[in-house]
Amino acid sequence: MALIGQGALILALLVAIYSAGTSLWAATGHDRRFLVSARHGLWAIFGLVIVADAIFLRALFTHDFTFKVVSDTSSRSLPTVYLITAWWGSQAGSLLLWSTVLAIFSLLGLRSTRRVLGELQPWMIMVLSLISGFFLLLLVVPASPFVTQIAPVDGVGLNPSLQNPYMALHPPSLYLGYVGLAIPFSLAMAAMLAGRTDARWVVASRRWTLASWGFLGIGMLLGAHWAYTEVGWGGFWAWDPVENAALMPWLVATAFLHSVMVQERKGMLKVWNIALIAGAFALSIFGTFLTRSGILSSIHAFVATDIGWYFMVGLGAVLVGAFVLILWRLPLLRADQRIESLVSREATFLFNNLLLVGLAFAVLWGVVFPLLTEAVGQVRESVSTPFYEFFVIAFGLPLLLLMGIGPLIAWRRASFRQLRTTFLWPVLGGVITGAVMVAFGLDSSWPGVAAGSICAFVTVTIISEFVRGTAARHRVAGESWPIAFLHLIDRNRRRYGGYIVHLGVVMFVIGAVGASAYQTEAEGLLQKGESLTVGSNVLTFEGVERERGPNYSARSAVLRVTSDGEEIGVLRPGQRAYTREQTTSNEVAINTTLTQGDLFVILDGIRADGAVKIKAFYKPVVNLLWLAGFLFAGGVILCVWPDPRERRRIAKRYAEESLPGES
Amino acid sequence: MLAAILLALIALAVVTFIAWPLVRAQGEDDQLDPLSDDQRRRLALREERDLALQALNELDVDRATNHIGDQDYAELVAEYRAQAAKAIAALDAEDDAA
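Calculation rules
- Residues numbered from 1 in each chain as written.
- Chains lettered and ligands numbered in written order.
- Predicted model: local features only at pLDDT ≥ 70, side-chain atom pairs only at ≥ 80, totals over all residues.
- Helix = DSSP H or I, 4+ residues; strand = E, 2+ residues; numbered from the N terminus.
- Buried ≥ 20, exposed ≤ 12 C-beta atoms within 10 Å, placed from the backbone.
- Contact = placed C-beta atoms within 7 Å.
- Core = buried A, V, L, I, M, F, W, Y, C linked by C-beta atoms within 7 Å.
- Domains from an automatic or database assignment.
- Pairing = 2+ DSSP bridges.
- Axes fitted to C-alpha atoms, helices over the stretch in contact; angles between N-to-C directions.
- Nonpolar A, V, L, I, M, F, W, Y, C, P; charged D, E, K, R; others polar.
- Parallel < 35°, antiparallel > 145°, perpendicular 65-115°, else oblique.
- Left-handed = near helix turned anticlockwise from the far one by under 90°.

(A) Fine view of the overall build of chain B. Helix and strand counts for chain B stand at three helices and zero strands. Across chain B, helices and strands are ordered from the amino to the carboxyl terminus as α-α-α. Within chain B, the fraction of its 98 residues that count as buried is 18%.

As structure tokens, then:
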């Protein structure tokens with residue numbers, strides 16, 4: 001079976017090269033037959049990758065340890081659900097997943113933009129085929145999932161940290177985000193290759209960028225929750241290079257989603273937008289390189305091979321290709337208009353872009369700095385959390401502020417008198433919130449007070465936007481309040497979906513600030529009957545329990561918890577020893593109350609005399625972090641949902657020129 | 001051996017599938033028509049016109065939601081009307097010339 005799998009991947013690679021060539025011929029020779037053949041090529045790649053997937057999964061589920069990857073990432077005792085997560089637990093498996101998602105997205109991307117693309121389609125297929133070819137080359141040469149061996153009796157097993165339900169969702173979600181960015185990138189490159197730099201590629205790519213951005217965001221949040229509940233160090237974001245790998249393209253894509261609105265309205269920032277989408281895609285390749293090259297030492301980058309050079313070449317090709325195309329098409333990318341005033345919505349978008357890209361560069365510097373120091377001085381110097389926290393505060397707080405300012409300022413320009421009216425309530429909301437926080441003794445963290453005030457400012461802004469819009473519809477169209485509210489959102493899903501996403505971000509910030517700036521912690525060595533106090537909670541140690549799981553043995557401390565004299569329940573923080581994998585993991589215990597926050601307890605060790613070392617945190621409002629994900633996802637879905645009015649408007653423009661338009 | 005035969009069959013199917021559009025006879029509609037310079041210019045004018053009309057719509061929304069004052073509104077409406085009229089006039093001139 002390995003022969004068929006490897007053969008299917010080699011065939012897929014050859015077809016990708018063929019599709020790139022025939023689509024180039026179709027674009028330059030203007031022969032539709034070559035275009036259809038190239039399109040068939042994408043379907044063939046999809047079919048061949050599915051064949052490879054089927055063989056790989058069959059090997060995983062039947063414990064066929066003649067496949068080296070299977071024996072390296074699974075064992076007979078591994079629960080069935082984690083056999084699925086073992087797919088992306090290895091380098092080869094994760095690259096196979098990349099190729100599978102790309103094959104599916106290439107077909108969906110072509111289908112969703114089929115009516116937009118006259119001249120663009122062959123170029124788009126060419127770019128997608130080249131990207132597919134690159135990943136298939138990795139699968140054929142340096143990272144084949146079909147390397148065979150004499151089968152051992154049992155496999156090595158899966159990294160225990162990956163044996164968690166979140167691992168069934170977190171990596172695939174990130175992959176959907178990373179790979180999804182290939183579609184807007186291919187559209188942008190196609191637009192420049194075809195010399196069609198009008199707004200069509202922007203309109204066609206916006207939803208793909210939004211969806212990819214949404215998957216990256218949700219993927220990061222799932223990863224943060226996994227780190228919080230599984231890794232067991234008491235936080236949710238460690239500025240691990242692999243976490244940063246997802247954050248960087250997300251930040252740049254965020255900038256793109258804002259600046260693209262300026263291009264659509266004013267025909268400005270064309271070069272900037274193409275650079276942003278190329279940057280976001282390059283960073284997604286860079287992220288995959290970080291996780292899969294073994295160049296960084298982290299919990300995720302657990303495999304080291306020589307694949308890094310392939311990634312460097314691929315990354316270089318993306319960056320150089322985009323740069324050369326931008327230079328070539330510079331005359332077509334000139335701005336149609338200029339920013340009229342620095343007090344305008346487009347100016348706030350510009351500031352927001354500078355801050356987002358600046359933050360992305362700061363994170364990038366933090367990621368590459370250890371590599372550079374190692375390359376130059378042979379000693380790896382790492383960048384620590386305070387470095388990132390400085391930039392998050394220095395760039396993040398102004399960004400948060402701009403989220404509140406932007407909606408209050410009109411496009412083009414705004415007068416002082418008007419600003420006074422629109423800013424009144426949001427500013428009041430921010431100032432009062434800050435004063436209340438100080439009054440309640442929360443001035444132990446001034447960044448916390450600033451974040452709280454700005455969050456209130458943004459929240460009042462967004463609420464006032466909904467109220468103003470609904471009132472205007474109620475007044476002008478004579479609609480009832482509920483109908484006016486629903487129509488307001490329905491007629492401008494992108495704008496109000498965006499506001500809902502902003503509310504999600506505010507909620508996230510409140511949760512993050514509560515969990516970091518205002519958390520309390522305590523630790524102690526407890527003998528049976530002794531207690532530890534954290535916040536208003538008292539934890540009393542009652543003994544140690546032992547348990548045997550399918551592929552591990554566990555010990556946990558039994559802690560009875562009371563708060564203000566009232567019994568809350570029993571928590572069992574523990575440690576698991578995985579026999580086959582020969583590693584241990586922390587199993588944290590969390591008592592969640594939606595209104596107050598989390599009591600988070602870690603068992604740090606059990607002494608021979610039966611005493612346990614306990615570390616406990618009280619994290620107020622931390623659950624807003626996770627609830628924010630629902631608002632974020634809801635807002636993204638609202639934005640991505642197709643808008644027939646917008647489609648008709650674009651279709652009309654192209655129908656007037658007797659060209660195929662979107663319908 | 002069986003695996004090699006299966007692989008050969010898959011390869012044959014793939015080659016047939018992707019080569020099929022090239023094997024059939026070329027038809028009249030097989031020519032992909034690139035945009036002419038005239039079409040590109042007119043598309044740019046239509047985009048300019050649509051941007052101005054969209055801006056006028058947004059100005060109305062901004063005014064209804066009290067984001068913009070009367071004086072700014074009047075000035076900007078005049079500007080964008082002029083822009084839209086200029087693009088429409090240029091398009092009409094192109095149509096007349098054609």
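(B) Broad picture of the environment of Val260 of chain A. All names here are of chain A. Mapped onto the elements of the fold, Val260 is located in helix α10 (residues 241-266). Residue Val260 is classed as buried on the basis of its C-beta count, with 24 C-beta atoms lying within 10 Å. Between the C-alpha atoms of Val260 and Asp490, which are 230 residues apart in sequence, the distance is 21 Å. Not counting residues up to four positions away in its chain, the partners in contact with Val260 are Val202, Arg206 and Asn273.

(C) Broad picture of the nonpolar core. Residues and elements named next belong to chain A. Ranked by size, the top nonpolar core spans 199 residues in total, and within it Ala12, Val15, Leu48 and Val252 carry the most contacts. In terms of residue count, the dominant contributor to this core is helix α9 (residues 200-231) (17 residues). A domain split of this core shows at least three residues from each of domain 1 (1-158) and domain 2 (416-518 + 627-632). Apart from residues no more than four positions distant in its own chain, Val252 is found in contact with Leu276, Gly279, Ala280, Leu283, Val357 and Ala360. Listed in part, the 21 residues of the second largest apolar core include Leu526, Leu539, Ala557 and Val588.

(D) Focus on the pairing of strand β5 (residues 566-571) of chain A. Residue and element names in this part refer to chain A. Sheet topology note: the strand β4 (residues 552-563)/β5 ladder contains five bridges and is antiparallel. Each residue of the ladder has a partner; that of Ser563, found in β5, is Glu566. In this antiparallel pair of consecutive strands, β4 and β5, the connection spans two residues, and Asp564 shows a positive phi of 50 degrees.

(E) Representation of the sheet that holds strand β9 (residues 597-606) of chain A within the structure. Residues and elements named next belong to chain A. Spatial strand order, β1-β10-β9-β8: four strands in an open sheet with antiparallel pairing. Looking along the sheet, the strands with just one partner apiece sit at the ends: β1 (520-526) and β8 (589-593). Shown here is a sheet whose adjacent strand axes are inclined to one another by a mean of 15 degrees, direction ignored. Here β1 runs beside strand β10 (residues 612-620); their pairing, made up of seven bridges, is antiparallel.

(F) Representation of the domain arrangement of chain A within the structure. According to the domain assignment, chain A consists of domain 1 (1-158), domain 2 (416-518 + 627-632) and domain 3 (520-621). Each of domain 1 of chain A and domain 3 of chain A has a C-alpha centre, and these two points are 44 Å apart.

(G) Seen up close, the interface of chain A and chain B. Counting from both sides, the interface comprises 46 residues of chain A and, opposite them, 39 residues of chain B. Ranked by residues supplied to the side of chain A that touches chain B, first place goes to helix α2 (residues 32-61) of chain A with 11 residues. Across the side of chain A that touches chain B, the residue classes tally to 20 nonpolar, 11 polar and 15 charged.

(H) The packing of α10 of chain A against helix α11 (residues 270-293) of chain A, seen in detail. Residue and element names in this part refer to chain A. Where α10 contacts α11, the axes come no closer than 9 Å and their chain directions differ by 165 degrees. With respect to each other, α10 and α11 are oriented roughly antiparallel. Crossing geometry of α10 relative to α11 is assigned as left-handed. By residue class, the composition of the contact of α10 with α11 is 18 nonpolar, seven polar and one charged.

(I) How the structure looks around unusual backbone geometry. Residue and element names in this part refer to chain A. Phi is positive for His63, close to 50 degrees, though the residue is something other than glycine. Considering the arrangement of structural elements, one finds His63 in the loop between α2 and α3 (68-73). Judged by the 17 C-beta atoms lying within 10 Å of it, His63 is partly exposed. A positive phi angle, near 55 degrees, is found at Trp239, a position not held by glycine. One can find Trp239 in the loop between α9 and α10. Trp239 gets classed as buried once you count the C-beta atoms within 10 Å, which come to 20.

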